[in-house]
Structures are given as C-alpha cells and as structure tokens.
Amino acid sequence: IDYIRTEITFVNYVWDRKEADVHILITTQRTGSGGREYTIALIGQKNYSDMQNTLKYISKPTDTQDEIRSGLVHVLKMGLVPYAARTPLADRISVSFKEKVKPTDVEDKWNFWVFSLSANSFLNGQKTMSSNMLFGNISANRVTPESKIRLGISMSYEDTNFEIDDTTISSSSDSQNFTGLYVKSISEHWSVGTWLSASSSTYNNINFAITPAPAVEYNLFPYSQSTRKQLRFLYKLGLSYRRYREETIYDKISENLLNESLSVTLELKEKWGTISTSLAGSHYFHDFSKYKMNLFANFSIRLFKGLSLNLFGSASKIHDQLSLPKGGASFEEILLRRRELATSYSYFASVGLSYSFGSIFSNVVNPRFGNGGGRGMTIRF
C-alpha cells in the first residue's frame, strides 16, 4: 500500500470504503502456471456511480515482488484515469501525472487520525489439556509527510492446564504494554523523534517499567525512495525506571537505567529480488559489559529465471538480562516458556530454494476441486 501511494499520487486515499468516490476491490486466484490472476474491480460511488470497470493483471511464477507490484500499479493507473478525467485534474493528465499532489492536500474532519480496536480470544482443549488466551489492542495513528504519531495499548492473558494422572498442572502469564512514537521530518534524509514505552510482564519479571527514548535517524537515500531502497542509521538514548515482581539475580527490586542503542538497516526491492537486513547494538551505561547485539537478515534473490534463493535468519548475543529473578523458574514455567531464561545467545535460520519451469502462458483459472496440485520444485533446510 505504501508503494501504491507513492506511485499513484493524483488520488486521495480514505480508510472507509463508503467515503470513497471509487472503491477498488482486488481479488486473486492462482493460474495454471503458478502465477496469479489479479482481478481489479473499480466501483464508482457517489458522483461516479455510473462508472464501473473491471481490469485484470496476470503475474508469472518467475516474477519478483517488485515486478508484480509495478505491473499491478500500472494497471491501477490505467483504471483510475477515466475517473480522474471527470475532475479538474484532467488537463494535467496525459500518460502520467505531470505534478505531484501532497497526500495531505485535502480537508479531513478526523485530521488524519486513524483509530483501531481489536479483541481476540482463543480456546483450545482436549481431555487432558485446556488452554485459554485473551488478547486486546487499541491504537491511534496519525501519519502525514511532516510527522508521524503512533500510539498503542495491548494486553494479553494466557492460562494452560494439564491433567496428568490425578494431578493438575496449571500455568498462566499476562502482559500489558503501551507504546508511543512521535517522528518529525527534518529533510529528505534526517528525522528526529522520541519513543515512550510502559510495560508489565510476568515473563520478563517486570511489575512496571517506563522508558522515554529520544532518537535521531539518517537515511542515506531520500525518504521519497523508501519503497524501493533504504539505508537507515537510527540512534536512541533511553532512560528507564523498572520495578520488578521478584528480586533479580543482581539483588534489585527496582532500579533506574540509562542505555543507548544504534541500528543500521538496509532494505532493497529490485527486479532481481528483495533484501532486508539490520544490525543493532545496545548497552547500559552503569556497566558496559551489559550489552546486546542482534543481526537480522531476509534475502529473496532470483538467481536466474525460475530459480530463487530464500534466506531468513537472526542471531543475537545477549548479555543484558537484568530482570532475571533470583528464584529462577519452575519446571512448568520452563516447559511452557512462561519465564525468561538465562542465555548468552539466540538464533533462528531458514534456507530455501524454489524452482518453477514450463509454460508461462497458462493464464486460465480453473478453481474446480480447489487449487491443490504440484507445481515447480521447492527445497528447504
């Protein structure tokens, strides 16, 4: 959606479909060759209710994410031109729009604020086991080219019971989190902002913690190119107060902490594939031996037509577990992962190869008996 907004700038986007002059409904089905058929229904509303149109875009199984979204945007532009032709913008449209209109050049009674509420519950059980989970989230966001505000509150609760012989083993965990972010755009390369977080967690032995953290970011590439490429350097300085549920292994029940962090993030989306990787490090000022390093990488690269290499992984060096409880964790808490455990590292990795071959012209969609069946070849490690 961010790519669509940056590439198609002669329209304003709304969150409620009933407020739109044109409602665009995109549905997909897999084609016989392993690609996808995108059916784009443009439904005129209000003063455009007499205009209805349906277009199609078909991707090949060897297309990268960038090729697919470029093709989809091309078809979307063509579909929107007839509607734009009935507006004062018509004189400035030929094949492409001759000047950019800022997304905020519109009167909005909500002043660009978007609110979201969600609540979920999950119940799972059998004769000897039952599990209940509750999740809730409230968020408020306001995003303009000049600034960004994101506010969120989330809560979760999980309870699990096991029946073993005549014994019942129970375990539960809960957490509450508040996150706030304000970012001010300075230029095409610089941004400043601040985070504010507050949390409570049985898993992390946190009764209450609050952390304000001012930050500054530099992007080597202009932010206007962010949907294609980013190389961002982000520095944060945080002062936190923590009150623990249990005394920690460092004999603390509460403490004030000052820490700093620096991260470098590279994101590229090209026709040959996508790359997303970041390296982050942080430490506490009262003891420089309390630090953490994290490396994350996600690669999807087309080696040649039909063959793609997919790599995903992360690795962390951990020496900053200040909240570990002195009393340790029970057997149940260890098995059910209810408590954070002492460690000096963590890692995750996934490697995959995918290869598709054969006809690229089988664009017929046949949904009978579902879309199962073999196609191509995939190898994962």
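Residues numbered from 1 in each chain as written. Predicted model: local features only at pLDDT ≥ 70, side-chain atom pairs only at ≥ 80, totals over all residues. Heavy atoms only, no water.

The subject of this paragraph is the overall build of the chain. Scanning the chain from terminus to terminus reveals three helices and 16 strands. Principal-axis analysis of the C-alpha atoms places the extent of the chain at approximately 70 × 50 × 40 Å. Of all 381 residues assigned to the chain, the portion counted as buried reaches 31%. Counted over contacts in the chain with a minimum sequence separation of 6, partners at least 24 positions apart contribute 53%. A total accessible area of about 23700 Å² is found for the chain, and carbon and sulfur atoms account for 57% of it. The chain carries 43 positive and 36 negative side-chain charges, and their two centres are separated by 7 Å. (Helix = DSSP H or I, 4+ residues; strand = E, 2+ residues; numbered from the N terminus. Buried < 20%, exposed > 50% of the residue type's maximum accessible area, 1.4 Å probe, protein only. Contact = heavy atoms within 4.5 Å. Areas by Shrake-Rupley, 256 points an atom, 1.4 Å probe, with all protein chains shown as cover. Lys, Arg positive; Asp, Glu negative; His and termini not counted. Charge placed at Lys NZ, Arg CZ, Asp CG, Glu CD.)

Of the volumes computed, that of the second largest pocket is approximately 1400 Å³. If you trace the second largest pocket, you find 47 residues lining it, with Asn-204, Arg-242, Tyr-284, Lys-292 and Asp-320 closest to the centre. Elements with a contribution of two residues or more to the lining of the second largest pocket: strand E7 (167–185), strand E8 (190–201), strand E9 (206–219), strand E10 (229–244), strand E11 (254–270), strand E12 (273–284) and strand E13 (287–304). (1 Å grid on protein atoms, 1.4 Å probe; cavity = no way out; pocket = protein on both sides within 12 Å on 5 of 7 lines; lining within 4 Å. Points joined across faces, edges and corners; volume = space filled by probe spheres on them.)

For the rest of this paragraph, the subject is a nonpolar patch on the surface. A grouping of Tyr-235, Leu-237, Leu-239, Leu-258, Leu-262, Phe-285 and Phe-288 is seen on the molecular surface, where their side chains present a nonpolar patch of about 620 Å² in accessible area. Elements represented by at least two residues in the nonpolar patch include exactly E10 and E11. Mapped onto the elements of the fold, Leu-258 is located in strand E11. (Patch = residues over 30% accessible without salt bridge, like charges linked within 9 Å, V, L, I, M, F, W, Y side chains within 5 Å. Salt bridge = Lys/Arg side-chain N within 4 Å of Asp/Glu carboxyl O.)

The topology assignment puts Arg-142 in strand E5 (residues 129–143). This buried residue, Arg-142, is left without a salt bridge; Glu-146 holds the nearest opposite charge, at 6.7 Å. Of note is the side chain of Arg-142, whose polar atom sits 2.6 Å from the backbone oxygen of Asn-111. (Polar contact = N/O pair within 3.5 Å; in protein donor to acceptor, adjacent residues only side chain to side chain.)

Once that is clear, we can look at the confidence of the model for the chain. On average, residues of the chain score 87 in pLDDT, and 91% of them are at 70 or above. When mean pLDDT is taken per element in the chain, E9 scores highest with 97 and strand E16 (residues 377–380) scores lowest with 58. (pLDDT = per-residue confidence, 0-100.)

The next subject is helix H2 (residues 65–84). An ideal rise of 1.5 Å per residue puts 28 Å on 20 residues; H2 measures up with 28 Å between its terminal C-alpha atoms. On its buried face, H2 sits against helix H1 (2–7), strand E1 (22–30), strand E2 (36–44), strand E3 (52–59) and E11. (Expected span 1.5 Å × (residues − 1).)

Direction of pairing for E10 relative to E11: antiparallel, over a ladder of 15 bridges. Paired with Tyr-235 across the bridge in E11 is Leu-262. Alignment of E11 against E12, held across 12 bridges, turns out to be antiparallel. Across the sheet, the residue bridging to Glu-270 is Gly-273, located in E12. In textbook terms, the turn of a hairpin is the stretch between consecutive antiparallel strands, and for E11 and E12 this stretch comprises two residues. (Pairing = 2+ DSSP bridges.)

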